[in-house]
Amino acid sequence: RTACLPFRPATSASRCPAGLVSPVQRRRSSDNIAVPTVYIAGTVLMITVVGSLKGGSGKSTVTFNLAVWLAMADVRVKLVDADPQATLTDVVDVRLEEGFEPRLNVHDQSVLTVDGVKDADEVLVDIGTADMDALRRALTLCDRVVVPVPPSQADIWSTQRFIRFVEINTEKTT
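Here we summarise the structure given alongside this text. (Residues numbered from 1 in each chain as written. Predicted model: local features only at pLDDT ≥ 70, side-chain atom pairs only at ≥ 80, totals over all residues. Heavy atoms only, no water.)

### Regarding unusual backbone geometry
Convention followed: A helix here means a DSSP run of H or I that spans at least four residues, while a strand means a run of E at least two residues long, and both kinds are numbered starting from the N terminus.
Note that the residue after Glu101, namely Pro102, is joined by a cis bond; omega there is -5°. By the secondary structure assignment, Pro102 is in the loop between helix 2 (87-98) and strand 6 (106-107). Located in the positive-phi region is Asp74, a residue other than glycine, with phi close to 65°. In this structure, Asp74 sits in the loop between helix 1 (59-72) and strand 5 (77-81).

Pasting the structure below:
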């Protein structure tokens, strides 16, 4: 299960001009699989943080699978691995070694600036709580937060605490 927290509209005045179309719509591929179609008017940019307080919740897996799905639909995706454990980087490295397409590239947390995320349609940030400054910086930039939630009571409590953390750290930016 995954909780998704859309706490800021996609057309945030800090990055996108008003009146833009919705960035993601669905179409059917030749294999009859739903894939995103992105329509860009000007510079639509969606920044998604995939985060949680707990390790092992599936943050890197969710981020990786979203990136592959978007890249297969010819969306310009920027992956950011802001977790010191670097699981996302490891998975993408193995994918590159094996020659899988589409190719993905991972950036470190240094791109978590307004200028650092400009050259993509979608930015996906895999982040935990090992670096709270990077987490807060990512939250100030993002349009939505996705929280992977494994099916256990402890994970539900952790998710509730993380949602409160997100709300507290985004009150000044929304």
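### A word on the packing of helix 3 (residues 132-141) against helix 4 (residues 153-170)
Selection rule: What counts as an axis is a line fitted to C-alpha atoms, over the stretch in contact for a helix, and the angles between N-to-C directions run from 0 to 180 degrees. Roughly parallel means an angle under 35 degrees; roughly antiparallel means over 145; roughly perpendicular covers 65 to 115; every other angle is labelled oblique. Two helices cross in a left-handed way if the nearer one is turned anticlockwise from the farther one by less than a right angle. They cross in a right-handed way if the turn is clockwise. Should any heavy atoms of two residues lie within 4.5 Å, those residues are considered in contact. The nonpolar class holds Ala, Val, Leu, Ile, Met, Phe, Trp, Tyr, Cys and Pro. Asp, Glu, Lys and Arg form the charged class, and all remaining residues, Gly among them, are polar.
One way to put it is that helix 3 packs onto helix 4 with a least axis distance of 10 Å and a crossing angle of 65°. As summarised for this structure, helix 3 and helix 4 are arranged roughly perpendicular, according to the angle between their axes. For helix 3 against helix 4, the interelement crossing comes out right-handed. Across from Met132, Leu135, Arg136 and Leu139 in helix 3, the residues of helix 4 making contact are Phe162, Phe165, Val166, Asn169 and Thr170. Split into classes, the residues belonging to the contact of helix 3 with helix 4 amount to 6 nonpolar, 2 polar and 1 charged.

### What about the environment of Asp155?
Here Asp155 is to be found in helix 4. Through-space distance from the C-alpha of Asp155 to that of Leu53 is 8.9 Å; in sequence the pair is 102 residues apart. Setting aside its immediate chain neighbours within four residues, Asp155 contacts Lys54, Val149 and Pro150.

### Comments concerning the environment of Leu112
Assignment of secondary structure puts Leu112 in the loop between strand 6 and strand 7 (122-127). For Leu112 and Leu139, which are 27 residues apart along the polypeptide, the C-alpha to C-alpha distance reads 9.8 Å. If we ignore the near neighbours within four places in the chain, the residues touching Leu112 are Val80, Ala82, Val125, Ala134, Arg137, Ala138 and Leu141.

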